[in-house]
Each structure stands twice: as C-alpha cells, then as structure tokens.
Amino acid sequence: MFAVAAIAGAGWLFLFVVLLIVPPSPGPPEGGGPGEGRTARTGRTRMPHPGEVPPAVVSLLARRLERLGFGATLVDLAARGWFEVRAPAGPAGPGGPAGPGGPALCVVPAETPGGPLTPFERRVVAHVALRAGARGEVPAPALSDGFGGGETEFMSAFREEVDAEARRLGLTRSRLSGRRIGLLLLLLFVPAVALIPVAAHGRGLAYAGGLYFAGFWVAVGVGVSRRRSASGQAVLDHWRSAIAAPPGREGRVRAYAAALGAAPAALAVFAQGRTNVAWSSYRGSWQLLEIETNTWSWPQGCAVWLAIVFGPILYFSAAIWLGTHGMALLAEEMVGLVVAAGLAGGLVALARRAASPRFAEFDGQVIRQWMVKGGDESPDEYHVAIDHGAREKAWDFSIGSEPYRQLSPGTFVHVRVNLRSRADVTVKPVEPPAVAHPLARVAADQERAVTNGLPDPADLVLETEATAILGGKVRGHHLDGAPGRTMVWQPPSTGRPMLRVEVRHAADARRVPPTARPAAGVADGYFVSQGAAVTVSALTALISIHGSVHVAAEASLGGLLPVVEGRLRELARRIDFNQY
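Attention in this report is confined to the structure presented alongside it. For every chain, the first residue of its written sequence is number 1, and the numbers climb from 1 along that sequence. Reporting in this predicted model follows two pLDDT cut-offs: at least 70 for local features of residues, and 80 or more for side-chain atom pairs to be given and counted; totals over whole chains, interfaces and linings ignore these cut-offs and use all residues. Hydrogens are left out, water is left out, and the side-chain values use all remaining heavy atoms of the structure.

In this scheme, a residue with accessible area under 20% of its type's maximum is buried, one over 50% is exposed, and one in between is partly exposed, where area comes from a 1.4 Å probe on protein chains only. To qualify as a helix, a DSSP run of H or I must reach at least 4 residues; to qualify as a strand, a run of E must reach at least 2; elements of each kind are numbered from the N terminus. Most of strand 15 (residues 498–505) is tucked away: 6 of the 8 residues are buried. Strand direction decides the pairing type here: strand 14 (residues 484–490) and strand 15, joined by 6 bridges, are antiparallel. Looking across to strand 15, one finds that W489 is bridged to L499. In this sheet, strand 19 (residues 539–546) lies alongside strand 15 in antiparallel orientation, the contact comprising 8 bridges. Between any two strands, pairing holds if DSSP finds at least two bridges.

Now for the sheet that holds strand 1 (residues 84–86). If you walk across this open sheet you meet the 3 strands as 1-2-3, and the pairing is antiparallel. Where the open sheet ends on each side, the last strands, each with one partner, are strand 1 and strand 3 (137–139). This sheet shows a mean twist of 25° between the axes of neighbouring strands, independent of strand direction. As paired strands, strand 1 and strand 2 (residues 105–107) are joined by 3 bridges and run antiparallel to one another. In the sheet register, V85 faces strand 2, and the bridge partner there is C106. Axis definition: a line fitted to C-alpha atoms, limited for helices to the stretch in contact. Angles are taken between N-to-C directions and run from 0 to 180 degrees.

This part is about the side chain of T451. Tracing the chain through its elements places T451 in helix 15 (residues 440–451). One polar contact links the side chain of T451 to the main-chain carbonyl oxygen of E447, over a distance of 2.8 Å. As used in this structure description, the phrase polar contact means that two N or O atoms lie within 3.5 Å; if the pair is within protein, one of them must be able to donate a hydrogen and the other to accept it, and residues adjacent in sequence are counted only when both atoms belong to side chains.

Attention now moves to the pattern of salt bridges. When a carboxyl oxygen of Asp or Glu is within 4 Å of a side-chain nitrogen of Lys or Arg, the pair counts as a salt bridge. Under the counting rule described, the total for this entry stands at 18 salt bridges. Measuring nitrogen to oxygen at the nearest pair gives 2.9 Å for the salt bridge that ties R80 to E121. Of the two residues, R80 is situated in the loop between helix 3 (65–79) and strand 1 and E121 in helix 4 (residues 119–132); the sequence distance between them amounts to 41 residues. One salt bridge in this structure joins D163 and R167, with 3.0 Å as the shortest N-O distance.

Spelled out as structure tokens, the structure:
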C-alpha cells in the first residue's frame, strides 16, 4: 500500500504542475460578469487598449508594484496635468528653506484636467491635494511622506486598489480555476486513503489527515494566487516594446518606463531620502525637519549596554587591584571621588528638574503619522510628529488609536505635554488640513469613498456623554465596515457595559421593530428596549446599550436623542454641501 500511496501522491503532484502550466479553456468569466475583463453574453475576452491600462497596473504585471507603482502613478498624474513638476528652486535642509539645488516643486494648476480616475489614482490625487495645502505647492519628495493614516496603511490600500483594477480589466487571473482546485482536492483523497493502512500503531488516520491538509494548503494557497492573463501579458509586452523604441520617453510613456524600472531619474524626483525627517510648511515655507527620537541608535545602545555591564566590573577590579598592591589610599580616594561625583550629579539633576517647567502647552501641526506594531505582550503604538515652529526638531508623541484617527498630516493641533512623563500628553485637533482648492472635489470624493459618505459616529455621542450613561471612565474604538460606521464606548478594563453608536444610510437602516415606542420631541425617532434610533435626511443613527446599567442611565437616552438628532442634521448638511 505504501507503493500505491507514493505513486498516487506523485501522480497528484504531476497533475498539479500540469494544471498550473496549461492555460484554462476560454469560457465564462470566473464568477460571471465583466470582473475578469470578459463580456457576460459571449464569454469572449475583451483585451483593453494598452493606453487604457494605468502605469501602476503595468508595474503590477511586471511584479514591481511595491517598489515602483506609487512613484509611477505620480509621474503619470504629472504628465496628465494634475500637477506640474517645476525645476528645483532651492535647497532644503533641516531647519532651512529652499535654495539652489534643492528639490523640485510640485504645483497644482488653477484648472485641473478632470476626467475619470481609478480608485488608486483618486487616492494619490487626494494625497497631493492635502500635501499641497491652501498654497497649492509642495516639494516633490514630500509627496512620498505625510500619508493620512500612516505610510503602511496608505500603501496597503493603494496596492489593493491596483490589484482590483487589474482584475477588473481582466489582466490577471487565478493560477487555478475553482473547478481545477476542486478536482485536485477530490483526487487528493486517493493518496491520503492509501496511506491509512501503511502507518503503524493506529496512526494511519493522523498521517492521512496530515497529508490531505498539506495538499489542501498547497492547492488552495497556490491556486487562488494571481498571475498575468493572456491580455495582461500582451499589455506588458506592448509597453516593454514601446519604452525600448525611439523616440525618447516623453509624456505618459515616461510613466510607463518608470513603472518598468527603465526611468529611475523620473522616480528620483519624488525620493524621500532619510527616514527620520519630515517635510513641514508650518513655519511659512517648506522645510525638512528631523524628528526627535527617544531611543538610542544601535551603536549607542550597544555602547550603553557594554558600559552598564562591564563598567562596574572594571571599576571594582581596579579598586581591588590597587588595594592589594599597596595603594589602598589611592583606592579609597577613587571610591570617594565616584561617590562625590554621583552625589553632585544627582543634585544637579534635581536642581534642573525643579527649575524646568513641568508642563508645556503649544500649538502646532501634524507632519507625519506612523504605527509601531506590537507583539503578544505589547500593544500597538500610534505616533504623530508635530512641528510647533520653535524647535530644531519635530516632537514625537505616542498617542492612542482613537486620537490617531483624527490627526492626519496637515491637521493643526493644540498640545499639552508633561515634560517629565511624555506619556501624559493631550493632542487635540483645532483645524482640519487645508486642501488645494482645484483638487478639493477629488479629495472630497476620496473622503466619501473611505467613509461610505457617512459621518463619524464619535461626533454624535461624545466621551463625556458616554461616561454619564455608563457610569464611569470609558474608552472608544471604531468598528467601521459595511453597511455603516460604528463607535463603541466601553470601560477601559472590561467589555461591558457597552454603548454602541452606529450611523447608516437610511436605505440600509433596520426595520422599526413592533415594540418600538415613539421618542418625544424627536421628529423621526423611537426607543426600543435599551436602545434608540433617529433618522435625519438620508442618515440613521442607532444607539444601543449592551450590559447592565443604572435605570436612570437608560432613561438618559431620552435626553440624549434630541441632541444626537441636532448633530446628525448638521453632519448631514455638511455632507450634502461637500458634494457640490
């Protein structure tokens, strides 16, 4: 039976390789519809014109998306007139303005070209709008920094949208169709079953299950991964030939060359350079500021560690050697000097601590966001860099996940920080980031795409109101996702009681339950059990309490609902205004 299992396993692997190599037969698209670039009626593949394929998608087809896709999109948007890249106006160093030999400047024109944008292009244009601000200009390297939500989140969403566009155009396909994966999983039972009698001590089922699990993991994992379709290969071959042929790479051709790694100079204009610096326009002109660091570099850390470990050993060894070699007096003086130096240093530190203020309070602007991923025993850390115009370096503050959401780069803030304990810091947004006026509509479209056109539920029920209802200190976190946006308020140490605030489009709202009671003083609101709902215009807010609370707290929803109605009406008015 072992020979049967081995032969069956080898045959399965051979079939697996063959199915990977042999292209699928033409037919209806996977899942039906035009999602794979085919028409639903005829089942024929419609190959898009190469000029319809954005450079970022070409970089995906060439497996260069992660390194070149974003830069190629910037080059393409500049070629299409969304912004202009002007020659360097002057240098920019830490704390200094631009001068000759500095970075190129990206300027938003008074009239943008308009026209359709793919989701990832709209994301990048909105990023340009926020970085350019009210003045409509930004150093080219600054476009590779200052991403809303942090660079990791921005780039992850960008790559997902590029991948979705490639699928929509039918330029990529699954390595194995669903039918082929099903056939492989069915045939995998043959070697797995043949292995059962081979294993001794009743372990046949365990070995068979392990073999099937391994085969399942390989077949599904490899099968659902993406590869170029025939159309995708044709588009890639077209652009490889186009950038290799004369005349020179001008206009959009340059962007495709950048996407394929053949125009490094075009991408170098947007290169960020050092990682611990950020661009800021808070001081009236664009400047490159170093971000303070509260940790030692690797060489410094090693030096400090060696000094802590071996310093006392060497010191006491020297004192003992002096004492045992007839120089006891010198050894005593050596110990006395160290004690005196320690006391003097402690007194100086206490004096400086008493003379310096405990708190600092100032206004500034967020110039960067980033997150440090935690481990099993350490939570994630959310950081913002803030320029307040008076220091050579930007502040680095670690804040919570909820404040982090409100502090996108460009936001003007008011800060209060304990200089003796940097963990005690409050960063409150004062004014949202300015947007380049010609790109304001694109930025608004991107905001609606991200939020599904819904307001933030944290603006409907404030922390102080949640504290009053739940009867103690609370913390909040968002649970955004279709069909609505949700804010959950709950005690920091336990999950219950919980106050859940959800905003939905009225068309997606739940049906009014039969047990609902009308809410007095609210035009279109009702109460049900430990919850309430109110509809204003095309928006519906749902407030619910989960867990046991005081009866008076539950009754306080009656007083809160009219307030929520007024806030929802104002937020709905703002959304309607921003659409035009």
